[in-house]
There are 2 protein chains.
Amino acid sequence: MRYKITVEYDGTDILGWQRQLDGPSVQEYLENALNFLAEAGGGKNSDAASELNTELTAQASAPHRLIGIQGAGRTDAGVHALGQVAHFDLERNIADWKLREALNFYLREQNAPVAVLAAEAVDDSFNARFSAKGRGYVYRILNRRSPSVLLKNRVWWVPVPLDVEKMRQGAAFLLGRHDFSSFRAAACQAKSPVKTLDRLDIATSGEEIIFTVEAKSFLHHQVRNMVGTLKLAGDGHLRPEDIKTILELRDRKAAGPTAPACGLYLSKVWY
Amino acid sequence: MRYKITVEYDGTDILGWQRQLDGPSVQEYLENALNFLAEAGGGKNSDAASELNTELTAQASAPHRLIGIQGAGRTDAGVHALGQVAHFDLERNIADWKLREALNFYLREQNAPVAVLAAEAVDDSFNARFSAKGRGYVYRILNRRSPSVLLKNRVWWVPVPLDVEKMRQGAAFLLGRHDFSSFRAAACQAKSPVKTLDRLDIATSGEEIIFTVEAKSFLHHQVRNMVGTLKLAGDGHLRPEDIKTILELRDRKAAGPTAPACGLYLSKVWY
């Protein structure tokens, strides 16, 4: 049986989505939770988890099964998720709620900064990465003179005043299908720098400036590079129309710096 | 000169507002910052702070001046503030922005979970505690099945569904002038248990239930005890009209448990 899960995480103290040798990742926490579940066990305190353990143990062919998980998109160290999606296979049918509760139980046992929001059985043809029709990100800037301790690692703190209207004017040049080489990380592995940006809205909420960005897929660092460049239109270092020129130059050096990871959230993936 | 400051803090890793012998407090962080400022120094990297230092040092009568600070209200360990107010005296006139920047510089040097949002010179008769005309608190419940890692220590996570309308019906009985003994901590030092509750609104925002509570002043634990009891009206353990009975019994044992500190924010104080 194939399962789809929707996942929230705090990226602050992890190396990102993908499993790494030198530190914790979301993938590692989730795969550990799945393998704890699948292992022969018992003596656990969660009813859902222990019931599920019993079910799984009853037909487990080996004591240590290694279950792999694939995510819709890799997020970098420090980047958060409100709705990352992933899939994996288990040998048998488990009720959605039971799987969600059991995974959350094992995630909490690991003190993981990861929570499962939803779990559901899906068709075997479902692939979290390749079936995705679109991805949505949110980027949060806190624009005020004083730093925030309550939003530490949750926003990019920009103490100089930003002109939101000028950022919106600049953002308009990025909408649609373009060669986004100017906003592409050197390490990007995409075959083509051409992407179609479906949405780039900039809203305000109290002292926050919130970017909502949607596309079928993105280049590596594309959202953070666009935000870092639009910020320069907001603080007066660039004119809004400079964003058009920067895009046309297809040169990473023409654009602004990469905005910090801590303001970025993978908010949703749709299929 | 007397100064008024407005302060944000993350209460998670501190013992509360008031200075304690066995761990950090907001008062200690702020008094340390003020005394760093007033001490002879230099070699600091913040322009505002070092300029201020020079000014202060030029007329300091002793190398270590102990400046005390008084807050509008004491908050307990784990309780946050979006707008705590405090006052203190300095020997001379300092521009508001310079004082705010310098304090934030020294708070960051201490890695304090405290930030100064505003600073202003006020009349000598101003007293953060006794001049206050009212205090506002916000209490945040996250009401969903899955825990949240991004809102850890920022909300009370309640996984069972809560009926907001029933909580509102119960809350209505608490508005106005009453003897709040049923919602008063044993350690409360107030002379009288009679308080006037001016506002107790319950709103929803996504998966959150947000209480907005206002009064001239509160008993110790009053907000958390009211929220902890109203939650029982929301999950069906109490009927809304039971809140009236509990209030009339004037007995702490009649009410529900104290809601966790991490959901509570001192949001504003007005004068």
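About the thresholds
Residues numbered from 1 in each chain as written. Chains lettered and ligands numbered in written order. Predicted model: local features only at pLDDT ≥ 70, side-chain atom pairs only at ≥ 80, totals over all residues. Heavy atoms only, no water. Helix = DSSP H or I, 4+ residues; strand = E, 2+ residues; numbered from the N terminus. Rg over C-alpha atoms; globule rule 2.2 N^0.38 Å. Contact = heavy atoms within 4.5 Å. Areas by Shrake-Rupley, 256 points an atom, 1.4 Å probe, with all protein chains shown as cover. Lys, Arg positive; Asp, Glu negative; His and termini not counted. Charge placed at Lys NZ, Arg CZ, Asp CG, Glu CD. Buried < 20%, exposed > 50% of the residue type's maximum accessible area, 1.4 Å probe, protein only. Buried area = accessible area lost by both parts, 1.4 Å probe. Salt bridge = Lys/Arg side-chain N within 4 Å of Asp/Glu carboxyl O. Polar contact = N/O pair within 3.5 Å; in protein donor to acceptor, adjacent residues only side chain to side chain. Least-squares fit on C-alpha atoms with pLDDT ≥ 70 in both. Phe/Tyr/Trp six-rings, centres within 6.5 Å; stacked < 30°, edge-to-face > 60°. Arc of directions from axis to C-beta. pLDDT = per-residue confidence, 0-100. Axes fitted to C-alpha atoms, helices over the stretch in contact; angles between N-to-C directions. Parallel < 35°, antiparallel > 145°, perpendicular 65-115°, else oblique. Left-handed = near helix turned anticlockwise from the far one by under 90°. Nonpolar A, V, L, I, M, F, W, Y, C, P; charged D, E, K, R; others polar.

A. Looking closely at the overall build of chain A. Broken down by element type, chain A carries six helices and ten strands. For 271 residues, the compact-globule formula gives about 18 Å, and the C-alpha radius of gyration of chain A, at 21 Å, lands near that figure. Of the contacts formed within chain A by residues at least 6 apart in sequence, a portion of 71% connects residues at least 24 apart. For chain A, the exposed area adds up to about 12100 Å²; of that, 49% sits on carbon and sulfur atoms. Taking the average place of the 34 positive charges on the side chains of chain A and the average place of its 32 negative ones, the gap between the two points comes to 5 Å.

B. View of unusual backbone geometry. All names here are of chain B. Within the chain, asparagine 111 stands out as a residue other than glycine whose phi angle is a positive 55°. Tracing the sequence through the fold places asparagine 111 in the loop between helix 3 (96–109) and strand 4 (114–122). In this structure, arginine 250 takes a positive phi of about 50° despite not being glycine. Given a relative accessible area of 55%, arginine 250 falls into the exposed group.

C. Structural view of the interface of chain A and chain B. Listed as interface residues are 28 residues of chain A and, on the opposing side, 28 residues of chain B. Buried area between chain A and chain B, summed over both chains or domains, comes out near 1900 Å², and the portion from carbon and sulfur atoms is 53%. Looking only at chain A, the three residues that lose the most surface to chain B are A:Glu8, A:Val149 and A:Leu150, adding up to 34% of its buried area. The tally of links between chain A and chain B comes to four salt bridges. The closest approach of N and O atoms between A:Glu101 and B:Arg145, which form a salt bridge, is 2.9 Å. Where chain A packs against chain B, one counts 14 residue pairs in polar contact (both at pLDDT 80 or more).

D. Quick look at the relation of the copies chain A and chain B. For the pair chain A and chain B, the superposition axis carries a translation of 0.0 Å, the fit reaches an RMSD of 0.0 Å, and the rotation angle comes to 180°. Both copies are brought into coincidence by an operation consistent with a two-fold rotation axis. For chain A, the minimum C-alpha distance to the rotation axis belongs to A:Leu151 and amounts to 5.1 Å. Of the interface residues in chain A, 100% have counterparts in chain B that sit at the interface too, so the contact is made through matching surfaces.

E. Region of the structure containing the packing of aromatic side chains. Applying the stated criterion across every chain, the model contains 18 aromatic pairs over all chains. The rings of A:Phe36, A:Phe105 and A:Tyr106 are connected pair by pair, giving a single aromatic cluster.

F. Fine view of helix 6 (residues 242–249) of chain A. Residue and element names in this part refer to chain A. Every buried residue belonging to helix 6 is among Asp242, Ile243, Ile246 and Leu247, and all of these are buried. All buried residues of helix 6 project into a common sector of 140° when viewed along the axis, lining one side. Of the exposed residues in helix 6, the ones pointing more than 90 degrees away from its buried face are Glu248 and Leu249. Elements in contact with the buried residues of helix 6: helix 4 (164–172), strand 7 (176–179) and helix 5 (222–234). Among the residues trailing helix 6, arginine 250 stands out with phi positive, at a value near 50°.

G. The arrangement of the confidence of the model for chain A in detail. For chain A, the average pLDDT comes to 91, and 90% of its residues sit at 70 or higher. Of the regions scoring below 50 in pLDDT, residues 58–64 of chain A engages in seven contacts with residues more than four places distant in sequence or in other chains.

H. The pattern of salt bridges, seen in detail. Considering all chains together, one arrives at 40 salt bridges over all chains under this definition. Residues B:Glu8 and A:Arg144 are paired through a salt bridge, measuring 2.8 Å at the closest nitrogen-oxygen approach. With B:Glu8 in strand 1 (residues 2–9) and A:Arg144 in the loop between strand 5 (134–142) and strand 6 (156–157), this residue pair bridges two chains. When its relative accessible area of 11% is taken as the criterion, A:Arg144 is described as buried.

I. Up close: the side chain of A:Gln222. Residues and elements named next belong to chain A. Counting through the fold element by element, glutamine 222 comes out in helix 5. In this structure glutamine 222 comes out as buried when scored by relative accessible area, which is 1%. Apart from the residues within four sequence positions on either side, glutamine 222 is in contact with Phe180, Phe183 and Lys195.

J. Structural context of the packing of helix 1 (residues 26–38) of chain A against helix 3 (residues 96–109) of chain A. All names here are of chain A. The N-to-C vectors of helix 1 and helix 3 enclose an angle of 110°; their axes lie 9 Å apart at closest approach. When the axis of helix 1 is compared with that of helix 3, the two are roughly perpendicular. Helix 3 is crossed by helix 1, and the crossing has right-handed handedness. Residues Tyr29, Leu30, Ala33, Leu34, Phe36 and Leu37 of helix 1 pack against Leu99, Ala102, Leu103, Tyr106 and Leu107 of helix 3. By residue class, the composition of the contact of helix 1 with helix 3 is eleven nonpolar, no polar and no charged.

K. Structural detail: the side chain of A:Ser267. Residues and elements named next belong to chain A. Along the polypeptide, serine 267 turns up in strand 10 (residues 264–270). Classification of serine 267 as buried rests on a relative accessible area of 18%. Ignoring anything within four residues of it in the chain, the contact list for serine 267 reads Leu82, Gly83, Gly136, Tyr137 and Val138.

L. Seen up close, the packing of helix 4 of chain A against helix 5 of chain A. All names here are of chain A. At their nearest, the axes of helix 4 and helix 5 sit 7 Å apart, and the two run at 135° to each other. By the angle between their directions, the pair helix 4 and helix 5 is classed as oblique. Along this stretch, helix 4 crosses helix 5, giving a crossing that reads as right-handed. Counted together, Lys166, Met167, Gly170 and Ala171 of helix 4 and Leu230, Lys231, Ala233 and Gly234 of helix 5 form the full contact between these two elements. Considering only residue class, the contact of helix 4 with helix 5 consists of four nonpolar, two polar and two charged.

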